[in-house]
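Residue-level listing of the chains:
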Amino acid sequence: MVIRSPSTAAGIVFFDDEKGLQRCLSSIQSFVDLIIAIDGKFKYFEDDHDLSIDNSRKVVESFSNATYHCYPNLTEIDKRNKYLEIAGTEGIDFLLVIDSDEYAVIDINEFSRNLAKIKEYKTGAPVNGKSKDTPDVYGIKIFEKHFEKPDFIRERYIERIFYKPAKLRYHLIHCNLIDVDDPTRNFTTRKYTSEINGITLYNDDDLRSNHYLERSIQYQRNLLKGEIDAHKKIFV
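Residues numbered from 1 in each chain as written. Predicted model: local features only at pLDDT ≥ 70, side-chain atom pairs only at ≥ 80, totals over all residues. Heavy atoms only, no water.

Asker: Please clarify how the overall build of the protein chain should be interpreted in this entry.
Answerer: Looking only at helices and strands, one finds 6 helices and 11 strands in the protein chain. The C-alpha radius of gyration of the protein chain comes to 18 Å, within 12% of the 18 Å expected for a compact globule of 236 residues. Principal-axis analysis of the C-alpha atoms places the extent of the protein chain at approximately 55 × 45 × 35 Å. Out of the 236 residues in the protein chain, the part that is buried amounts to 48%. Look at the contacts in the protein chain between residues 6 or more apart in sequence, and 75% of them connect residues 24 or more apart. Entry remark: accessible area of the protein chain is about 12,200 Å², with carbon and sulfur atoms responsible for 50%. On the protein chain, the mean spot of the 34 positive side-chain charges and the mean spot of the 39 negative ones are 5 Å from each other. (Helix = DSSP H or I, 4+ residues; strand = E, 2+ residues; numbered from the N terminus. Rg over C-alpha atoms; globule rule 2.2 N^0.38 Å. Buried < 20%, exposed > 50% of the residue type's maximum accessible area, 1.4 Å probe, protein only. Contact = heavy atoms within 4.5 Å. Areas by Shrake-Rupley, 256 points an atom, 1.4 Å probe, with all protein chains shown as cover. Lys, Arg positive; Asp, Glu negative; His and termini not counted. Charge placed at Lys NZ, Arg CZ, Asp CG, Glu CD.)

Asker: What should I look at first to understand the pattern of salt bridges in this one?
Answerer: Between side chains of opposite charge, a pair can form when the charged atoms approach closely. Applying the stated criterion across every chain, the model contains 20 salt bridges. Measuring nitrogen to oxygen at the nearest pair gives 3.0 Å for the salt bridge that ties Arg 208 to Asp 17. Here Arg 208 is found in the loop between β11 (194–203) and α5 (210–226), whereas its partner Asp 17 is found in the loop between β1 (8–14) and α1 (18–28), with 191 residues between them in sequence. A residue is classified by how much of its surface remains accessible, and Arg 208, at 17% relative accessible area, is buried. With a closest N to O distance of 3.1 Å, Glu 155 and Lys 141 form a salt bridge. Residue Glu 155 is located in strand β7 (residues 154–163), and its partner Lys 141 is located in strand β6 (residues 136–144); the two are separated by 14 residues in the primary sequence. Assessed through its relative accessible area of 48%, Glu 155 is described here as partly exposed. We classify Lys 141 as partly exposed; its relative accessible area is 23%. Sharing partners across several salt bridges, the network here consists of Glu 76, Arg 80, Asp 99, Glu 102 and Arg 160. (Salt bridge = Lys/Arg side-chain N within 4 Å of Asp/Glu carboxyl O.)

Asker: Would you mind showing me how to read the environment of Gly 88 here?
Answerer: Note on placement: Gly 88 falls in helix α3 (residues 76–89). Along the chain, Gly 88 and Leu 168 lie 80 residues apart, while their C-alpha atoms are 9.5 Å from each other.

These results come straight from atomic positions and should not be treated as a statement about function.
And the structure:
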């Protein structure tokens, strides 16, 4: 059986973040087949407009493999599920989840080789009569710097590569994924299948205005507060 090269996409949501988008998309454009870019403020994010009014859309449309979509006033879970749905309609094998305040450094040879190995294993012979070709979530290394602590850089692995994204959905809280065919399989923070090398993410707030950051912090507080009860159900 001939195993075709895995198809890859990146999913990103954004709102009035042209500088971050330019940096982010420039870092991944050459390494993925498709960029799924979703515009629109999150529900409960305080602002007087629903879609980006800066040059964010122009930035997206300047990349030949990027598609622009607008879904304003959805919850974070619903908005992120949109790019999972779109990836499904496009038949994508692997989806990279990346935010507009992040950028990637990719060793294309190592990254592609690792994805191909996963695809080959997943589509190989069944084990004890059971298919191995199930959705999975993989961790990649990220270095995070936030403006509240400018001298501190956090290094960790985070669940950002999805195999068979069409069969995954965010559920209850923004960091919890389930297999739609088997909801007992869930992937929360630090609960991923394995780690993938060849790609590293970097996160910072350097390109965002203080005004944007103030609204973002308030939104994050509201988001986490609203997810407290659901969080308790998942992590019992």
